[in-house]
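# Geometric and topological summary
Okay, here's what each chain looks like letter by letter:
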Amino acid sequence: MDKILVHGGHSLNGSVRISGSKNSALPILAATLLTREPCTISNVPDLSDIHYMLQILSHLGAQVERASGVVRVEAEKIKTVAPYDIVRKMRASVCVLGPLLGREKEATVSLPGGCVIGDRPIDLHLKGFEALGAVSRIEHGNVKVFAGTLRGTTVNLRGKQGPTVLGTDNVIMAAVLAEGTTIIESAAAEPEVVDLANFLNKMGAKIEGAGSRRIVIEGVKELHGAEHTVIPDRIEAGTFLVAGAMMGGEVTLRRVTHEHLGSVIDAVRLAGYEVETSAGSIRVRGNGAPKPLQLTTEPYPGFPTDMQAQMCALLAQTNGISVISETIFPQRYMHVSELKRMGADISLDGHTAIIKGVEKLSGAPVMASDLRASAALVLAGLRAEGVTEVNRVYHIDRGYESIDEKLNQLGARIERVKA
Ligand code: EPZ
(Lines give C-alpha, C1' and ligand atoms only; values in the text may rest on other atoms or scores of the structure.)
Protein backbone atom coordinates (compact mmCIF):
# COMPACT_ATOMS: atom_id res chain seq x y z
CA MET A 1 0.00 0.00 0.00
CA ASP A 2 1.37 3.39 -1.05
CA LYS A 3 2.14 5.98 1.56
CA ILE A 4 2.97 9.65 1.32
CA LEU A 5 5.59 11.63 3.21
CA VAL A 6 4.60 15.24 3.87
CA HIS A 7 7.52 17.54 4.70
CA GLY A 8 6.08 20.36 6.86
CA GLY A 9 6.75 24.08 6.70
CA HIS A 10 6.64 24.77 2.95
CA SER A 11 4.34 27.68 2.05
CA LEU A 12 1.91 27.42 -0.87
CA ASN A 13 1.64 29.89 -3.73
CA GLY A 14 0.15 29.85 -7.20
CA SER A 15 -2.98 28.40 -8.76
CA VAL A 16 -4.52 24.94 -8.92
CA ARG A 17 -7.20 23.51 -11.22
CA ILE A 18 -10.03 21.81 -9.37
CA SER A 19 -11.28 18.52 -10.84
CA GLY A 20 -14.84 17.47 -11.65
CA SER A 21 -17.05 16.46 -8.72
CA LYS A 22 -16.83 12.82 -7.61
CA ASN A 23 -20.20 13.04 -5.86
CA SER A 24 -21.84 14.41 -9.00
CA ALA A 25 -20.13 12.08 -11.49
CA LEU A 26 -21.10 8.91 -9.60
CA PRO A 27 -24.93 9.30 -9.74
CA ILE A 28 -24.72 10.82 -13.26
CA LEU A 29 -22.80 7.76 -14.51
CA ALA A 30 -25.45 5.54 -12.87
CA ALA A 31 -28.18 7.58 -14.61
CA THR A 32 -26.78 6.60 -18.05
CA LEU A 33 -28.41 3.19 -17.39
CA LEU A 34 -31.80 4.86 -17.92
CA THR A 35 -31.44 4.96 -21.72
CA ARG A 36 -30.38 2.56 -24.47
CA GLU A 37 -28.73 5.44 -26.30
CA PRO A 38 -25.12 6.58 -25.80
CA CYS A 39 -24.29 9.29 -23.25
CA THR A 40 -21.06 11.30 -23.06
CA ILE A 41 -19.98 12.70 -19.68
CA SER A 42 -17.07 15.19 -19.48
CA ASN A 43 -14.92 16.54 -16.62
CA VAL A 44 -15.08 13.12 -14.91
CA PRO A 45 -12.28 12.95 -12.32
CA ASP A 46 -9.72 10.11 -12.49
CA LEU A 47 -10.48 8.46 -9.11
CA SER A 48 -10.73 4.88 -7.91
CA ASP A 49 -14.39 5.40 -6.95
CA ILE A 50 -15.13 6.38 -10.56
CA HIS A 51 -13.19 3.33 -11.75
CA TYR A 52 -15.38 1.12 -9.55
CA MET A 53 -18.58 2.70 -10.93
CA LEU A 54 -17.39 2.10 -14.51
CA GLN A 55 -16.65 -1.53 -13.56
CA ILE A 56 -20.22 -1.90 -12.27
CA LEU A 57 -21.72 -0.37 -15.43
CA SER A 58 -19.64 -2.74 -17.57
CA HIS A 59 -20.67 -5.70 -15.44
CA LEU A 60 -24.31 -4.69 -15.92
CA GLY A 61 -23.76 -4.94 -19.68
CA ALA A 62 -23.12 -1.32 -20.68
CA GLN A 63 -20.40 -0.42 -23.21
CA VAL A 64 -18.01 1.91 -21.36
CA GLU A 65 -15.16 3.91 -22.92
CA ARG A 66 -13.00 6.40 -21.08
CA ALA A 67 -10.53 8.82 -22.64
CA SER A 68 -8.93 11.05 -20.00
CA GLY A 69 -11.81 12.99 -18.39
CA VAL A 70 -14.49 11.96 -20.91
CA VAL A 71 -16.62 8.84 -20.41
CA ARG A 72 -18.96 7.37 -23.02
CA VAL A 73 -21.60 4.88 -21.85
CA GLU A 74 -24.01 2.93 -24.05
CA ALA A 75 -26.39 0.71 -22.04
CA GLU A 76 -28.28 -0.99 -24.88
CA LYS A 77 -29.04 -4.17 -22.96
CA ILE A 78 -28.50 -4.45 -19.22
CA LYS A 79 -28.55 -6.99 -16.44
CA THR A 80 -30.05 -6.00 -13.10
CA VAL A 81 -27.72 -7.62 -10.57
CA ALA A 82 -24.66 -5.69 -9.31
CA PRO A 83 -22.14 -8.11 -7.80
CA TYR A 84 -20.85 -8.02 -4.25
CA ASP A 85 -17.15 -8.14 -5.14
CA ILE A 86 -17.34 -4.76 -6.91
CA VAL A 87 -20.15 -3.11 -4.94
CA ARG A 88 -18.47 -3.78 -1.56
CA LYS A 89 -15.65 -1.42 -2.55
CA MET A 90 -17.87 1.62 -2.77
CA ARG A 91 -21.03 2.56 -0.91
CA ALA A 92 -22.16 4.90 -3.67
CA SER A 93 -22.79 1.79 -5.84
CA VAL A 94 -26.20 1.87 -4.17
CA CYS A 95 -27.17 4.60 -6.66
CA VAL A 96 -27.55 2.05 -9.47
CA LEU A 97 -30.71 0.78 -7.70
CA GLY A 98 -32.83 3.73 -8.86
CA PRO A 99 -32.01 3.61 -12.59
CA LEU A 100 -32.25 -0.20 -12.75
CA LEU A 101 -35.64 -0.12 -11.01
CA GLY A 102 -36.76 2.80 -13.16
CA ARG A 103 -35.83 1.11 -16.45
CA GLU A 104 -36.10 -2.65 -15.79
CA LYS A 105 -38.53 -2.60 -12.83
CA GLU A 106 -36.10 -4.70 -10.82
CA ALA A 107 -32.62 -4.47 -9.27
CA THR A 108 -30.39 -6.45 -6.96
CA VAL A 109 -27.39 -4.76 -5.35
CA SER A 110 -25.32 -6.00 -2.46
CA LEU A 111 -26.00 -3.98 0.68
CA PRO A 112 -23.47 -1.19 1.24
CA GLY A 113 -21.45 -2.17 4.28
CA GLY A 114 -20.85 0.27 7.10
CA CYS A 115 -17.78 2.39 6.88
CA VAL A 116 -15.50 4.31 9.18
CA ILE A 117 -17.81 7.33 9.26
CA GLY A 118 -20.60 5.23 10.71
CA ASP A 119 -23.63 3.18 9.77
CA ARG A 120 -24.83 3.78 6.22
CA PRO A 121 -28.52 2.73 6.13
CA ILE A 122 -30.64 2.85 2.97
CA ASP A 123 -34.09 2.77 4.61
CA LEU A 124 -35.02 6.14 3.05
CA HIS A 125 -34.05 4.92 -0.42
CA LEU A 126 -36.35 1.91 0.05
CA LYS A 127 -39.11 4.12 1.48
CA GLY A 128 -39.05 6.10 -1.76
CA PHE A 129 -39.04 3.00 -3.98
CA GLU A 130 -41.93 1.46 -2.01
CA ALA A 131 -43.93 4.70 -2.25
CA LEU A 132 -43.57 4.33 -6.05
CA GLY A 133 -45.09 0.83 -5.81
CA ALA A 134 -41.94 -1.32 -5.59
CA VAL A 135 -41.36 -4.19 -3.17
CA SER A 136 -37.98 -4.38 -1.43
CA ARG A 137 -36.35 -7.41 0.14
CA ILE A 138 -33.07 -7.92 1.97
CA GLU A 139 -31.70 -11.41 1.34
CA HIS A 140 -28.22 -12.96 1.49
CA GLY A 141 -26.61 -9.55 1.95
CA ASN A 142 -28.34 -8.12 -1.08
CA VAL A 143 -31.11 -5.61 -1.40
CA LYS A 144 -33.61 -6.57 -4.10
CA VAL A 145 -36.28 -4.19 -5.37
CA PHE A 146 -38.92 -4.98 -7.99
CA ALA A 147 -42.21 -3.61 -9.26
CA GLY A 148 -44.93 -4.41 -11.81
CA THR A 149 -45.56 -0.71 -12.46
CA LEU A 150 -44.04 2.38 -10.90
CA ARG A 151 -46.65 5.04 -10.18
CA GLY A 152 -46.05 8.69 -9.26
CA THR A 153 -46.47 9.49 -5.56
CA THR A 154 -45.63 12.00 -2.84
CA VAL A 155 -42.93 10.90 -0.43
CA ASN A 156 -41.01 12.60 2.38
CA LEU A 157 -37.36 11.52 2.45
CA ARG A 158 -36.32 13.16 5.70
CA GLY A 159 -34.44 10.89 8.11
CA LYS A 160 -33.41 11.50 11.70
CA GLN A 161 -30.23 13.17 10.43
CA GLY A 162 -32.07 15.22 7.82
CA PRO A 163 -32.25 14.72 4.02
CA THR A 164 -30.40 11.97 2.12
CA VAL A 165 -28.29 12.89 -0.92
CA LEU A 166 -28.03 9.51 -2.66
CA GLY A 167 -31.52 8.62 -1.45
CA THR A 168 -32.88 11.69 -3.23
CA ASP A 169 -30.84 10.80 -6.34
CA ASN A 170 -32.11 7.21 -6.31
CA VAL A 171 -35.77 8.12 -5.96
CA ILE A 172 -35.49 10.74 -8.71
CA MET A 173 -33.95 8.11 -11.03
CA ALA A 174 -36.68 5.59 -10.20
CA ALA A 175 -39.42 8.19 -10.75
CA VAL A 176 -38.39 9.70 -14.11
CA LEU A 177 -39.99 6.80 -16.07
CA ALA A 178 -42.88 6.17 -13.63
CA GLU A 179 -46.52 6.73 -14.60
CA GLY A 180 -47.67 10.08 -13.28
CA THR A 181 -46.07 12.74 -11.11
CA THR A 182 -43.83 12.22 -8.09
CA ILE A 183 -43.19 14.84 -5.41
CA ILE A 184 -40.20 14.41 -3.10
CA GLU A 185 -40.52 16.41 0.12
CA SER A 186 -37.49 17.12 2.36
CA ALA A 187 -35.27 16.43 -0.66
CA ALA A 188 -31.50 16.95 -0.46
CA ALA A 189 -30.55 20.27 -2.08
CA GLU A 190 -26.83 19.63 -2.71
CA PRO A 191 -25.39 21.00 -6.00
CA GLU A 192 -24.67 17.39 -7.01
CA VAL A 193 -28.42 16.64 -6.90
CA VAL A 194 -29.03 19.67 -9.14
CA ASP A 195 -26.31 18.47 -11.55
CA LEU A 196 -27.98 15.03 -11.77
CA ALA A 197 -31.41 16.62 -12.40
CA ASN A 198 -29.92 18.84 -15.13
CA PHE A 199 -28.40 15.79 -16.83
CA LEU A 200 -31.68 13.82 -16.60
CA ASN A 201 -33.62 16.78 -18.06
CA LYS A 202 -31.17 16.82 -21.00
CA MET A 203 -32.11 13.13 -21.47
CA GLY A 204 -35.79 14.15 -21.71
CA ALA A 205 -36.87 13.87 -18.08
CA LYS A 206 -39.19 16.46 -16.56
CA ILE A 207 -37.79 17.46 -13.18
CA GLU A 208 -38.46 20.75 -11.42
CA GLY A 209 -37.32 22.12 -8.06
CA ALA A 210 -33.92 20.42 -7.83
CA GLY A 211 -31.87 22.44 -5.32
CA SER A 212 -34.91 23.00 -3.12
CA ARG A 213 -36.45 20.74 -0.51
CA ARG A 214 -39.40 19.95 -2.86
CA ILE A 215 -38.67 18.23 -6.19
CA VAL A 216 -41.44 17.46 -8.72
CA ILE A 217 -40.86 14.74 -11.33
CA GLU A 218 -43.35 14.19 -14.16
CA GLY A 219 -42.88 10.65 -15.48
CA VAL A 220 -42.11 10.24 -19.22
CA LYS A 221 -42.15 7.20 -21.48
CA GLU A 222 -38.46 6.98 -22.21
CA LEU A 223 -35.19 8.90 -22.06
CA HIS A 224 -32.66 9.50 -24.86
CA GLY A 225 -28.89 9.88 -24.81
CA ALA A 226 -27.30 13.19 -23.82
CA GLU A 227 -23.98 14.94 -23.24
CA HIS A 228 -23.05 16.62 -19.95
CA THR A 229 -20.10 18.24 -18.20
CA VAL A 230 -19.84 17.50 -14.49
CA ILE A 231 -19.69 20.46 -12.06
CA PRO A 232 -16.43 21.21 -10.20
CA ASP A 233 -15.77 19.32 -6.98
CA ARG A 234 -16.72 21.72 -4.16
CA ILE A 235 -15.13 19.50 -1.49
CA GLU A 236 -11.80 19.26 -3.29
CA ALA A 237 -12.02 23.05 -3.70
CA GLY A 238 -12.78 23.46 0.02
CA THR A 239 -9.84 21.24 0.89
CA PHE A 240 -7.44 23.37 -1.17
CA LEU A 241 -9.01 26.54 0.25
CA VAL A 242 -8.14 25.34 3.76
CA ALA A 243 -4.65 24.30 2.60
CA GLY A 244 -4.12 27.83 1.21
CA ALA A 245 -5.34 29.40 4.45
CA MET A 246 -3.02 27.18 6.49
CA MET A 247 0.06 27.56 4.32
CA GLY A 248 -0.64 30.22 1.76
CA GLY A 249 1.17 33.06 0.62
CA GLU A 250 -1.54 33.38 -1.99
CA VAL A 251 -3.38 30.45 -3.57
CA THR A 252 -5.92 30.67 -6.40
CA LEU A 253 -8.38 27.87 -7.14
CA ARG A 254 -9.42 27.69 -10.80
CA ARG A 255 -12.43 26.04 -12.45
CA VAL A 256 -14.53 26.25 -9.28
CA THR A 257 -18.13 27.31 -8.66
CA HIS A 258 -17.61 29.49 -5.61
CA GLU A 259 -21.38 29.75 -5.13
CA HIS A 260 -21.30 26.08 -4.03
CA LEU A 261 -18.87 26.89 -1.22
CA GLY A 262 -20.64 29.74 0.59
CA SER A 263 -20.60 28.21 4.07
CA VAL A 264 -16.98 27.04 3.72
CA ILE A 265 -15.78 30.45 2.51
CA ASP A 266 -17.67 32.08 5.42
CA ALA A 267 -15.93 29.76 7.91
CA VAL A 268 -12.44 30.44 6.49
CA ARG A 269 -13.13 34.19 6.54
CA LEU A 270 -14.43 33.94 10.14
CA ALA A 271 -11.15 32.21 11.02
CA GLY A 272 -9.45 35.43 9.91
CA TYR A 273 -8.33 34.71 6.35
CA GLU A 274 -8.87 36.88 3.28
CA VAL A 275 -10.89 35.09 0.60
CA GLU A 276 -11.81 36.73 -2.71
CA THR A 277 -14.15 35.21 -5.26
CA SER A 278 -14.65 35.93 -8.94
CA ALA A 279 -16.27 34.00 -11.80
CA GLY A 280 -14.79 30.51 -11.73
CA SER A 281 -12.13 31.21 -9.13
CA ILE A 282 -11.41 31.66 -5.43
CA ARG A 283 -8.27 33.30 -4.03
CA VAL A 284 -7.12 32.90 -0.43
CA ARG A 285 -4.27 34.59 1.41
CA GLY A 286 -2.82 32.58 4.24
CA ASN A 287 -1.29 34.05 7.34
CA GLY A 288 -0.58 33.01 10.94
CA ALA A 289 -2.83 31.13 13.31
CA PRO A 290 -6.57 31.10 12.65
CA LYS A 291 -9.11 32.48 15.09
CA PRO A 292 -11.12 29.83 16.99
CA LEU A 293 -14.54 28.93 15.56
CA GLN A 294 -17.79 27.23 16.52
CA LEU A 295 -19.06 25.09 13.63
CA THR A 296 -21.98 22.73 13.12
CA THR A 297 -22.23 20.48 10.06
CA GLU A 298 -25.60 20.67 8.31
CA PRO A 299 -27.26 19.61 5.06
CA TYR A 300 -26.51 21.94 2.12
CA PRO A 301 -26.33 24.92 2.10
CA GLY A 302 -25.04 24.54 5.68
CA PHE A 303 -21.43 23.72 6.54
CA PRO A 304 -20.69 20.35 4.83
CA THR A 305 -19.79 17.27 6.85
CA ASP A 306 -17.24 16.46 4.11
CA MET A 307 -15.23 19.53 5.22
CA GLN A 308 -15.36 18.85 8.98
CA ALA A 309 -12.08 16.94 9.21
CA GLN A 310 -10.20 19.54 7.17
CA MET A 311 -11.42 22.30 9.52
CA CYS A 312 -10.24 20.27 12.52
CA ALA A 313 -6.75 20.27 10.94
CA LEU A 314 -6.90 24.05 10.49
CA LEU A 315 -8.24 24.79 13.98
CA ALA A 316 -5.77 22.45 15.70
CA GLN A 317 -3.27 25.33 15.59
CA THR A 318 -5.15 28.40 16.77
CA ASN A 319 -5.14 30.74 19.76
CA GLY A 320 -8.16 29.51 21.65
CA ILE A 321 -10.83 26.85 21.86
CA SER A 322 -12.96 25.80 18.88
CA VAL A 323 -16.05 23.60 18.99
CA ILE A 324 -17.26 21.47 16.06
CA SER A 325 -20.56 19.61 16.14
CA GLU A 326 -21.04 16.80 13.59
CA THR A 327 -24.78 16.29 13.05
CA ILE A 328 -24.77 14.26 9.80
CA PHE A 329 -22.38 11.42 10.70
CA PRO A 330 -22.00 11.72 14.49
CA GLN A 331 -19.08 9.24 14.56
CA ARG A 332 -17.09 10.96 11.83
CA TYR A 333 -14.00 11.65 13.95
CA MET A 334 -11.49 9.02 12.76
CA HIS A 335 -9.04 11.87 12.10
CA VAL A 336 -9.04 13.05 15.73
CA SER A 337 -6.94 10.22 17.18
CA GLU A 338 -4.44 10.65 14.34
CA LEU A 339 -4.27 14.44 14.75
CA LYS A 340 -3.61 13.87 18.46
CA ARG A 341 -0.61 11.72 17.51
CA MET A 342 0.67 14.91 15.87
CA GLY A 343 0.22 16.88 19.10
CA ALA A 344 -3.30 18.25 18.61
CA ASP A 345 -5.36 18.78 21.77
CA ILE A 346 -8.87 17.59 20.82
CA SER A 347 -11.43 15.97 23.06
CA LEU A 348 -14.66 14.33 21.90
CA ASP A 349 -17.97 14.58 23.70
CA GLY A 350 -20.49 12.55 21.69
CA HIS A 351 -20.74 14.20 18.29
CA THR A 352 -18.91 17.31 19.45
CA ALA A 353 -15.17 17.95 19.15
CA ILE A 354 -13.55 20.49 21.49
CA ILE A 355 -10.31 21.69 19.91
CA LYS A 356 -7.80 23.52 22.11
CA GLY A 357 -5.35 25.20 19.78
CA VAL A 358 -1.67 24.30 20.19
CA GLU A 359 1.39 26.25 19.12
CA LYS A 360 2.74 23.65 16.73
CA LEU A 361 1.89 20.18 15.47
CA SER A 362 4.70 17.69 14.96
CA GLY A 363 5.02 15.29 12.07
CA ALA A 364 4.31 11.61 12.85
CA PRO A 365 3.35 8.35 11.15
CA VAL A 366 -0.48 8.42 10.87
CA MET A 367 -3.15 6.17 9.39
CA ALA A 368 -5.61 7.31 6.73
CA SER A 369 -9.20 6.15 7.15
CA ASP A 370 -12.19 7.84 5.48
CA LEU A 371 -11.15 9.90 2.49
CA ARG A 372 -11.79 13.31 4.07
CA ALA A 373 -10.05 12.35 7.32
CA SER A 374 -7.05 11.33 5.21
CA ALA A 375 -7.01 14.67 3.43
CA ALA A 376 -7.09 16.38 6.84
CA LEU A 377 -3.94 14.50 7.87
CA VAL A 378 -2.15 15.73 4.74
CA LEU A 379 -3.20 19.30 5.57
CA ALA A 380 -1.97 18.94 9.14
CA GLY A 381 1.32 17.56 7.79
CA LEU A 382 1.80 20.61 5.58
CA ARG A 383 2.01 22.75 8.71
CA ALA A 384 3.58 20.31 11.21
CA GLU A 385 7.24 20.34 12.16
CA GLY A 386 9.10 17.52 10.47
CA VAL A 387 7.73 14.71 8.31
CA THR A 388 4.24 13.19 8.47
CA GLU A 389 3.92 9.70 7.01
CA VAL A 390 0.35 9.07 5.86
CA ASN A 391 -0.31 5.35 5.41
CA ARG A 392 -3.10 3.67 3.37
CA VAL A 393 -3.15 6.47 0.84
CA TYR A 394 -5.67 4.58 -1.28
CA HIS A 395 -8.33 6.23 0.90
CA ILE A 396 -7.25 9.64 -0.43
CA ASP A 397 -7.02 8.43 -4.04
CA ARG A 398 -10.72 7.48 -3.83
CA GLY A 399 -11.74 11.13 -3.68
CA TYR A 400 -8.81 13.33 -4.72
CA GLU A 401 -7.19 13.37 -8.16
CA SER A 402 -3.39 13.53 -7.59
CA ILE A 403 -3.62 15.61 -4.41
CA ASP A 404 0.13 15.21 -3.80
CA GLU A 405 1.06 16.44 -7.28
CA LYS A 406 -1.34 19.39 -7.06
CA LEU A 407 0.02 20.43 -3.64
CA ASN A 408 3.63 20.04 -4.83
CA GLN A 409 2.85 22.32 -7.79
CA LEU A 410 1.85 24.94 -5.18
CA GLY A 411 5.15 24.57 -3.32
CA ALA A 412 4.51 21.73 -0.89
CA ARG A 413 7.05 18.94 -0.52
CA ILE A 414 5.24 15.62 -0.62
CA GLU A 415 6.74 12.28 -1.70
CA ARG A 416 4.62 9.29 -2.69
CA VAL A 417 6.33 6.02 -1.70
CA LYS A 418 5.15 3.06 -3.72
CA ALA A 419 4.68 0.09 -1.40
C1 EPZ B 1 -23.45 11.60 0.25
O2 EPZ B 1 -23.49 10.37 0.93
C3 EPZ B 1 -21.98 11.82 -0.10
N4 EPZ B 1 -21.51 10.72 -0.95
C5 EPZ B 1 -21.16 11.87 1.18
O6 EPZ B 1 -19.82 12.17 0.79
C7 EPZ B 1 -21.67 13.01 2.04
O8 EPZ B 1 -20.94 13.04 3.26
C9 EPZ B 1 -23.16 12.82 2.34
O10 EPZ B 1 -23.90 12.66 1.11
C11 EPZ B 1 -23.69 14.03 3.09
O12 EPZ B 1 -25.03 13.94 3.34
C13 EPZ B 1 -21.81 10.73 -2.27
O14 EPZ B 1 -22.49 11.61 -2.76
C15 EPZ B 1 -21.24 9.60 -3.09
P16 EPZ B 1 -26.77 10.73 3.05
P17 EPZ B 1 -24.94 9.66 1.21
O18 EPZ B 1 -27.73 9.71 2.55
O19 EPZ B 1 -25.92 10.08 0.21
C20 EPZ B 1 -28.66 9.03 7.02
C21 EPZ B 1 -17.54 11.84 0.62
O22 EPZ B 1 -16.72 12.15 1.50
N23 EPZ B 1 -29.43 8.13 6.13
O24 EPZ B 1 -26.95 12.15 2.62
O25 EPZ B 1 -24.67 8.20 1.40
C26 EPZ B 1 -27.16 8.74 6.97
O27 EPZ B 1 -26.84 7.70 7.87
C28 EPZ B 1 -18.82 11.16 1.02
O29 EPZ B 1 -17.41 12.10 -0.61
C30 EPZ B 1 -30.45 7.37 6.68
O31 EPZ B 1 -30.71 7.40 7.88
O32 EPZ B 1 -25.30 10.29 2.62
C33 EPZ B 1 -26.59 10.07 7.39
O34 EPZ B 1 -26.62 10.18 8.79
C35 EPZ B 1 -18.76 10.66 2.43
N36 EPZ B 1 -31.17 6.55 5.85
C37 EPZ B 1 -27.54 11.09 6.77
O38 EPZ B 1 -28.76 10.36 6.53
C39 EPZ B 1 -30.93 6.48 4.50
O40 EPZ B 1 -31.64 5.73 3.79
C41 EPZ B 1 -27.07 11.70 5.46
O42 EPZ B 1 -26.67 10.64 4.63
C43 EPZ B 1 -29.87 7.26 3.98
C44 EPZ B 1 -29.15 8.09 4.79
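These figures come from a predicted structure and were not determined experimentally. (Residues numbered from 1 in each chain as written. Predicted model: local features only at pLDDT ≥ 70, side-chain atom pairs only at ≥ 80, totals over all residues. Heavy atoms only, no water.)

Relative to the helices and strands, N13 is located in strand β2 (residues 12-17). The spacing of N13 and L410 is 397 residues in sequence and 5.2 Å in space, taken between C-alpha atoms. Not counting residues within four places of it along the chain, the set of residues in contact with N13 comprises G249, E250, V251, Q409 and L410. A distance of 2.8 Å separates a polar atom in the side chain of N13 from the backbone nitrogen of E250. (Helix = DSSP H or I, 4+ residues; strand = E, 2+ residues; numbered from the N terminus. Contact = heavy atoms within 4.5 Å. Polar contact = N/O pair within 3.5 Å; in protein donor to acceptor, adjacent residues only side chain to side chain.)

On to the domain arrangement of the protein. In terms of domain boundaries, the protein breaks down into domain 1 (2-19 + 232-418) and domain 2 (22-229). For domain 1 versus domain 2, the distance between C-alpha centres works out to 30 Å. The interface is formed by 25 residues belonging to domain 1 together with 19 residues belonging to domain 2. The junction of domain 1 with domain 2 conceals about 1,900 Å² of combined surface from both sides, 53% of it contributed by carbon and sulfur atoms. By the criterion of area lost to domain 2, the three top residues of domain 1 are Y300, F329 and R398, representing 30% of everything that side buries. Where domain 1 meets domain 2, there are 2 salt bridges. One salt bridge connects E192 with R234, and the closest N-O pair in it is separated by 2.8 Å. Between the two partners, domain 1 and domain 2, sit 9 residue pairs in polar contact (both at pLDDT 80 or more). Residue assignment for the side of domain 1 that touches domain 2 shows that the elements contributing at least two residues are α12 (371-383) and α13 (394-399). The leading source of residues in the side of domain 1 that touches domain 2 is α13, at 3 residues. Taken together, the residues that form the side of domain 1 that touches domain 2 break down as 8 nonpolar, 6 polar and 11 charged. (Domains from an automatic or database assignment. Buried area = accessible area lost by both parts, 1.4 Å probe. Salt bridge = Lys/Arg side-chain N within 4 Å of Asp/Glu carboxyl O. Nonpolar A, V, L, I, M, F, W, Y, C, P; charged D, E, K, R; others polar.)

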